[in-house]
Amino acid sequence: MRSIRRFIDTAGWPRIIIGLLLLSLFIAAPSVGVRVDQSITDTIVRFGMNGILVLGMIPMVQTGCGLNFGLPLGIIAGLLGATISIEIGLTGIAGFLGAIALAIPFAVLLGWGYGKLLNRVKGDEMMIATYVGFSSVSFMCMMWMLLPYHSPKMIWGYGGSGLRTTISLDGFWPHILDNFWAIRIGRNFMIPTGMILFFALMALIMWAFFHTKTGTAMTAVGSNPDYARAAGINVDKMRTISVIMSTVYGAIGILVYQQSFGFIQLYNGPFYMALPAVAAILIGGASVNKANITNAVIGTFLFQGILTMTPSVINNAIQSDLSEVVRIIVSDGMIVYALTRATRKSR
Amino acid sequence: MTEQQPVLQMQDITKEYFGNRVLTNVCLDVNRGEILGLVGENGAGKSTLMNILFGMSIIAETGGYTGKVCIDGKEVVFQNPFDALRAGIGMVHQEFSLIPGFTATENILLNGEVLHDNIVAKLFGPRLKTLDLPEMRSIAEKSIELLGVEINPDTLVAEMPVGHKQFTELAREIHRPEMKLLVLDEPTAVLTESEAQVLLTSLRRLAATGISIIFITHRLQEIFDVCDRIVILRDGQVVKEAATRDTDIVQVAELMVGRSMSAKSVATRAYDEKTETVISIDHLWVDMPGETVRDVTLEVHKGEIFGIGGLAGQGKLGIPNGVMGLYPAGGSVTVHGKPIPLNDPAAALAAGMAFVSEDRRGVGLLLEEALDLNIASTAMQSQNKFIRPLLGGLLKWRDDKAIQDVAREYIEALDIKCTGTSQRVEELSGGNQQKICLAKAFALQPDVLFVSEPTRGIDVGAKARVLEALRTYNRKNGTTIIMISSELEELRSICDRIAIVDEGRIAGILPPSATAKEFGLLMIGKLKGEGSEVNSYA
Ligand SMILES: Nc1ncnc2c1ncn2[C@@H]1O[C@H](COP(=O)(O)OP(=O)(O)OP(=O)(O)O)[C@@H](O)[C@H]1O
Ligand SMILES: [Mg+2]
């Protein structure tokens, strides 16, 4: 009895309920003709696609900069890396790693500026972050048209300039991680080993970072900035580092997402990435000023699991094609629910 | 008169925090107009018992309690503090709960604002009523006056000295007309003796109007000064309940700790001005709200324990906060002859100075983190301690084992009551949190140690222990200690010299053997005008 109580205390009711809901969807799936193996595969793939974006929430939350609603900024850095990598004609693994290598400097630079900005608006970080996300996307909408890209794979067929809204990765690096050591059983079951391993690597780096002196200082800054200052920690510097990290994770995260998706989405694409990532980490049990890797893993799994399962089960149950509508309702519903749960641990 | 109905009865209260039992079958009655003293060691469960009474949410969140609480004979179960307030219970918590950006008036009348009807409110409901500011101000003034202190109702709380904050908090509780039971959790811990006396006098005055009071303090003399009855808690159980006149201080102290106490005074040394000067402070000014330092010049010698006293708000707390770079400061500070840049905490730490802040929750602790991290963080960040270099020093890995070891060492040395090194500091009792702050400073192994109010909220047994720890530390390592305290007796029991601060300046420096009267005169600034030469001891 006590151990059950303890489990509930540590896991928290919201996660237990969502977890049970997900489980019941998996159980109900066969009876409406949804294949369980296919569903599991979809859930795992979506987990791998979104996991790093969610991990990227952790540093900023930990230093008290709040949830990174400015995630589009990191995504833009990732998009720049991806498009430049294609522009210079890198393909295969070199193309993917090249995209990462090219994206990181942009992410560091943008993150640095973004961090400096957030240091000036302490207390209102999340609102400003949202503006930064919006305005950077709008700004890039112009830039995607104007930047001097030439690769015929990417620019509009007519006109001859400006990038397309959706760029196919065919011939470059589609599914490059998914297929790496992929385990296939039958036609419908696949584990994208490479992508999961890559996620694990990124999680390990994050974990290790928070076990270093700098990572510990960041935790102190988030817990109590006054303590940190009295301990001789440069609070603003730690916050800036955390913003840079979050932005770099955003950039790498979107590249992993794209290789699995098979397409690069420009223009308004980055708009829709921040809220699901924010919702996932909140559902995973993070608060506005405390988050850890477990929160990211559990949250991504639950959020993406529900998002995969609900539309297909409902769709099959009522025999009509509402999946897109259901998907949006479920996704937005979970986001709204998660945001109402966004609490600040008391000081 | 017939048998009187007690205002409050608590029966068989038992409370566990995650399997850790902190209160066992506690029973407690309070009669009308009575002042009940509640004492016990750090972590005995006093605050927990009062949190139960006041319906604090932390209790329900951690699994509730068993037992019965009756007000005027009727059983009540408070879901939240508002229920308790409505039932006429007021509480001043161990830690401040004022809004810093509001004035005294606004804080006192928070949620009890005097409202004016206006046409908009008539149309759209009571939320749009306007405030009757002059009326509010006069209510606030009246309740401050009832306490017998002088506080301008328009002062911002952020700019008040701690003592005034405490009175403001008290005023907030007593202005309510329906008030019948007032709970005060260590209200005097932040006050100087004279301020505490004012508070005690006002408590007596309140009790005379029929309000019952539960009074928690670690200064036992205060219990004997004002309380009618005393309840002693030890390890969550009532070990004795008696009328104050039937017992005495020594007996109470022994019952609290569960062993007999030997009154041991630590001998102080005579001041020897020939030993080398470790720290010299020259024309220091510090802009710390409520504790402004105007012009302080001091020299402290190697191995000395130097005390700084004075009334609240005169600037004694500003000195260490300025030297350590926590508030804007000017002037010059040299340590071992080397000038220390001000306004730079990292530089102050690098110079071998450490500071135990008087504001333990604000500056001193990472409340949500484990206690081992709290103890080790500062040393780790400023001195690269508890770090294992990996990859040839490229990675500075946190050495969790070393951190736990040092935490265990201090838990032992300072007798910190906790469930283990990974318990969150938030969950410790106030006094034990204070000990964590000390451990944090000791872990820095400083050359010069500033301690502000080191025994605030610490029980009698632990107090002797903390002072002893400071003394031992000083003797063993030759650490120079500068101790700032509101308790003159404490300063006199351990310091080699004591400076009294008045209006942001040093009014004089006296040996601990000086009489209480001499200290008292310095504190109220009497000697200054006469150009007296008390300063000659410096
Ligand atoms: N939120 C919490 N979670 C777990 N344990 C707690 C919590 N709050 C208090 N405790 C434990 O309950 C015990 C009693 O604490 P309490 O704060 O009531 O002590 P106290 O008598 O007020 O001590 P002090 O004089 O130091 O203020 C302590 O051992 C403390 O560690
Ligand atoms: Mg207490």
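Further up the page is the structure itself.
What comes next concerns the included structure. Fair warning: this is a prediction, and the values are worked out from it, not measured in the lab.

What counts, and at which threshold
- Residues numbered from 1 in each chain as written.
- Chains lettered and ligands numbered in written order.
- Predicted model: local features only at pLDDT ≥ 70, side-chain atom pairs only at ≥ 80, totals over all residues.
- Heavy atoms only, no water.
- Salt bridge = Lys/Arg side-chain N within 4 Å of Asp/Glu carboxyl O.
- Helix = DSSP H or I, 4+ residues; strand = E, 2+ residues; numbered from the N terminus.
- Buried < 20%, exposed > 50% of the residue type's maximum accessible area, 1.4 Å probe, protein only.
- Pairing = 2+ DSSP bridges.
- Axes fitted to C-alpha atoms, helices over the stretch in contact; angles between N-to-C directions.
- Contact = heavy atoms within 4.5 Å.

### What about the pattern of salt bridges?
And step 1. All told, the structure shown has 27 salt bridges over all chains when counted by the stated rule.
And step 2. Among the salt bridges present, the one from A:Glu125 reaches A:Arg239, with a minimum N-O distance of 2.8 Å. Of the two residues, A:Glu125 sits in helix H7 (residues 125–146) while A:Arg239 sits in helix H11 (residues 235–261), which places them 114 residues apart along the sequence.
And step 3. With relative accessibility at 7%, the residue A:Glu125 sits in the buried group.
And step 4. Taking relative accessible area as the criterion, A:Arg239 reaches 5% and is therefore assigned buried.
And step 5. B:Lys417 serves as the salt-bridge partner of B:Asp235, at 3.7 Å between the closest nitrogen and oxygen. With a gap of 182 residues between them, B:Asp235 in the loop between strand E11 (229–234) and strand E12 (237–243) and B:Lys417 in the loop between helix H15 (400–414) and helix H16 (430–443) connect regions that are remote in the sequence.
And step 6. One salt-bridge network, in which partners are shared between bridges, spans B:Arg219, B:Glu222, B:Lys463, B:Glu487 and B:Glu490.

### Some remarks on the sheet that holds E11(B)
Residues and elements named next belong to chain B.
And step 1. The strand order E6-E9-E10-E3-E11-E12 describes an open sheet built from six strands, whose pairing is mixed. Since the sheet does not close on itself, it has two edges, and those belong to strand E6 (89–92) and E12, each with one partner. Taking the axes of each pair of neighbouring strands and ignoring which way they run, one obtains an average angle of 15° across the sheet.
And step 2. Of the pairings in the sheet, the one linking E11 to E12 comprises six bridges and is antiparallel in character. Among the inter-strand pairings, Arg229 is bridged to a residue of E12, identified as Ala243.
And step 3. Against the sheet, helix H7 (residues 162–174) touches E6 and strand E9 (181–185), its axis set at about 175° to E6.
And step 4. Its contacts with the sheet place helix H10 (residues 249–257) against strand E3 (35–40), E11 and E12, and it is angled at close to 30° to E11.

### Observations regarding the sheet that holds strand E5 (residues 74–76) of chain B
Strand pairing in a sheet relies on backbone hydrogen bonds. The paired strands run either parallel or antiparallel.
All names here are of chain B.
And step 1. Pairing is antiparallel across the open sheet formed by four strands, whose spatial order is E2-E1-E4-E5. Both edges of this open sheet fall to strand E2 (20–30) and E5, since each of them pairs with a single strand only. Strand-to-strand twist across the sheet, computed as the mean angle between neighbouring axes with direction ignored, equals 25°.
And step 2. Bridge count between strand E1 (residues 8–17) and E2: seven bridges; the pairing is antiparallel. By the bridge assignment for E2, Gln9 is matched with Asp29.

### Some words on unusual backbone geometry
All names here are of chain B.
And step 1. Unusually for a residue other than glycine, Asn25 sits at a positive phi of about 45°.
And step 2. When you line up the elements, Asn25 lands in strand E2.
And step 3. Given a relative accessible area of 47%, Asn25 falls into the partly exposed group.
And step 4. The backbone of His336 sits at a positive phi, close to 50°, despite the residue not being glycine.
And step 5. Locating His336 in the fold gives a position in the loop between strand E16 (329–335) and strand E17 (338–340).
And step 6. Assessed through its relative accessible area of 36%, His336 is described here as partly exposed.

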